[in-house]
Amino acid sequence: MGNTALLEKDFHNLLKEQNAYREAIMLTVWDMRTKIPKKGVEQRSWVVGFLSEKLHQLETSERMKHFIDMLKDSVDDEVMKKTVEECEETYERNRKIPAEEYKEYVMLQSKSESIWQEAREKADFSLFQPYLEDLVEYNKKFANYWGYDENIYDALLHEYEPGVTTKMLDKVFPELRNSLTTLVEKINQSKTKPDPAILSGHFPKKNQEAFSVEILKRMGYDFASGRLDETIHPFAIGINMNDVRVTTRYDEEDFRMAVFGTIHEGGHALYEQNISQKLRSTPLATGTSMGIHESQSLFWENFIGRNKSFWESHYDLFKSYAPNHFGHVSLDNFYQAVNEVKASFIRIEADELTYPLHIMVRYELEKALINGDIHVSDLPHLWNEKMVDYLGIEPPSDREGVLQDIHWAGGDFGYFPSYALGYMYAAQFQHTMENELNLNECIATGNFDQIRQWLTANIHQYGKMKKPLEIIKDVTNEQLNPDYLVSYLSKKYTDIYNL
């Protein structure tokens, strides 16, 4: 066996060692967000910090540097080459953060998530404020360690959406916001009004769960490699390629939370479950960015799950699990009701038209926080002001306002823009897909295999082999273009509201 082959074997062993820590961390995080007793949080936070410190040490070790230096110019295999590149980028970024500082930060993240839950339950931002202040300062510090060209926020944005900059967002987001608010104004003036009251009524959790599981199976989610659990804030998590878990939240008076939330998280999970096995045990075996990840969840939730053709083929199944009164609700009225446009306080309950406006509120606030233009103590009233400006409603308490999302509690600054980017990506993918498949027929017949296979062939299989903007260009033959999302929403809601 040659020297390069021996090096590659030893390098793979180091990657497996890293993956062992990473998997343990992910499993611990899943447990903390779903099952952990309140009194167990303190010790478990220390465990997460300990494991994360060990992973950080491996990622920035002299051993890792040795493999990078020896392999980056001597390997021909494309997967190995990309793996070394990914490890080098991680090495260069993480070595700039002192190991002890990183451990303290990870422990703070775990504690903050627990405190956030308590603050949210009590609708009391003051409980969470000191933790959030520390998280913001850490993120500013890390951004300065990493460096940036124009805006400090770019350093954090890179963690979730490499290649995208604040300058790009500040151009695209206002254009999208103006188009959406104009469309919302037309809808508000329309005499056609869906009746959401037909959706209300007690819907037992066990029935919602049974329907959600059936839909996940039809989407192609592999329950032999995953599971569905309940949590406060729904998420999907890839512990490894054969263990990709989905969580949801049930409201027995409003099934939409669980049904559409489960489809959304199922879209994330399908991405992780269909990454090429060639990438197994490498850092490439995950989604390339949060924006591309979100494009998959939003594609399934909105472009499929809220499509009329979907309900034409699934409404009878739905009614078999639903309360009896749905038997008297027509398909047309049901479809219009689940697509009602109405400003809401909660992002994950927002309709698909106003959803991006929720993201812009968060983007503008966290960008201002990181740039030092506002203070953490300013957040509750600034949040409420922006909700009034963008959506015309003011949250009655911090629970429905600044405390509703877990992201800042986890230190995920730079994450929120990926939701709106993902929506734009999804619309662009849909436009391309429609040129290659009879998409509506696939949805109408419940034949999701072709759709999933297309997504796997063009997006899923590559994992992190390609950067997000590279995938957009390769799949759609153009750069990010928000016009496709505006066109999709305009057409759909012109039909629903007879504009």
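Quantities reported herein were computed from a predicted structural model and do not represent experimental measurements.

**Structural notes on the UniProt feature "active site" (unreviewed entry) in the protein chain**
1) Next: When the UniProt feature table is mapped onto this chain, "active site" (unreviewed entry) is found at Glu265.
2) Next: Within the secondary structure, glutamate 265 is located in helix H10 (residues 256-273).
3) Next: Setting aside anything within four residues of it in sequence, one finds glutamate 265 in contact with Pro234, Phe235, Ala236, Val246 and Thr247.

**Section: the UniProt feature "binding site: Zn(2+)" (unreviewed entry) in the protein chain**
1) Next: Sites flagged by UniProt as "binding site: Zn(2+)" (unreviewed entry) map to His264, His268 and Glu294. Taking the farthest pair of C-alpha atoms as the criterion, the annotated set spanning 31 residues converges on one region, since that pair is 8.7 Å apart.
2) Next: Residue contacts for histidine 264: discarding those within four places in its chain leaves Glu294, Ser297, Leu298 and Glu301.
3) Next: Its location among the elements puts histidine 268 in helix H10.
4) Next: Among residues more than four places away in sequence, those in contact with histidine 268 are Ala236, His293, Glu294 and Ser297.

**With respect to the pattern of salt bridges**
1) Next: Throughout the structure, instances matching the rule amount to 35 salt bridges.
2) Next: Note that lysine 466 and aspartate 474 form a salt bridge whose closest N and O atoms lie 3.0 Å from each other.
3) Next: Because the salt bridges share partners, they merge into one network encompassing Lys35, Arg227 and Asp229.

**Looking at the pairing of strand S2 (residues 236-240)**
1) Next: Sheet topology places S2 next to strand S3 (residues 243-248); four bridges connect them, and they run antiparallel. Of the residues in S3, the one forming a bridge with alanine 236 is valine 246.
2) Next: With antiparallel pairing between neighbouring strands as the criterion, S2 and S3 make up a hairpin whose turn holds two residues.

**Focus: a negative patch on the surface**
1) Next: A surface patch of like charges, here negative, comprises Asp76, Asp77, Glu78 and Glu85.
2) Next: Turning to its location among the elements, aspartate 77 is positioned in the loop between helix H3 (62-71) and helix H4 (78-94).
3) Next: A relative accessible area of 45% means that aspartate 77 is categorised as partly exposed.

**Comments concerning the layout of surface pockets**
1) Next: Here the second largest pocket defines a volume of roughly 560 Å³.
2) Next: Lining the second largest pocket we find 22 residues, and of these Asp254, Arg256, Glu340, Ser344 and Glu349 sit closest to its centre.
3) Next: Elements represented by at least two residues in the lining of the second largest pocket include exactly H10 and helix H13 (331-338).
4) Next: Sorting elements by how many residues they give to the lining of the second largest pocket places H10 first, with four residues.
5) Next: Looking at the lining of the second largest pocket, its residues break down into ten nonpolar, two polar and ten charged.

**Focus on the packing of helix H16 (residues 417-436) against helix H19 (residues 468-476)**
Any two packed helices are characterised by the angle at which their axes cross and by the distance between the axes.
1) Next: Closest axis-to-axis distance for the H16/H19 pair is 10 Å, and the angle between their directions is 20°. Our classification of the angle between H16 and H19 gives roughly parallel. Crossing of H16 over H19 shows left-handed handedness. Judged by residue contacts, Tyr425, Gln428, Phe429 and Thr432 of H16 engage Pro468, Leu469, Ile471, Ile472, Val475 and Thr476 from H19.
2) Next: Grouping the constituent residues of the contact of H16 with H19 by class yields seven nonpolar, three polar and no charged.

Procedures and definitions
- Residues numbered from 1 in each chain as written.
- Predicted model: local features only at pLDDT ≥ 70, side-chain atom pairs only at ≥ 80, totals over all residues.
- Heavy atoms only, no water.
- UniProt positions renumbered as here; feature names shortened; annotations may be inferred.
- Helix = DSSP H or I, 4+ residues; strand = E, 2+ residues; numbered from the N terminus.
- Contact = heavy atoms within 4.5 Å.
- Salt bridge = Lys/Arg side-chain N within 4 Å of Asp/Glu carboxyl O.
- Pairing = 2+ DSSP bridges.
- Patch = residues over 30% accessible without salt bridge, like charges linked within 9 Å, V, L, I, M, F, W, Y side chains within 5 Å.
- Areas by Shrake-Rupley, 256 points an atom, 1.4 Å probe, with all protein chains shown as cover.
- Lys, Arg positive; Asp, Glu negative; His and termini not counted.
- Charge placed at Lys NZ, Arg CZ, Asp CG, Glu CD.
- Buried < 20%, exposed > 50% of the residue type's maximum accessible area, 1.4 Å probe, protein only.
- 1 Å grid on protein atoms, 1.4 Å probe; cavity = no way out; pocket = protein on both sides within 12 Å on 5 of 7 lines; lining within 4 Å.
- Points joined across faces, edges and corners; volume = space filled by probe spheres on them.
- Nonpolar A, V, L, I, M, F, W, Y, C, P; charged D, E, K, R; others polar.
- Axes fitted to C-alpha atoms, helices over the stretch in contact; angles between N-to-C directions.
- Parallel < 35°, antiparallel > 145°, perpendicular 65-115°, else oblique.
- Left-handed = near helix turned anticlockwise from the far one by under 90°.

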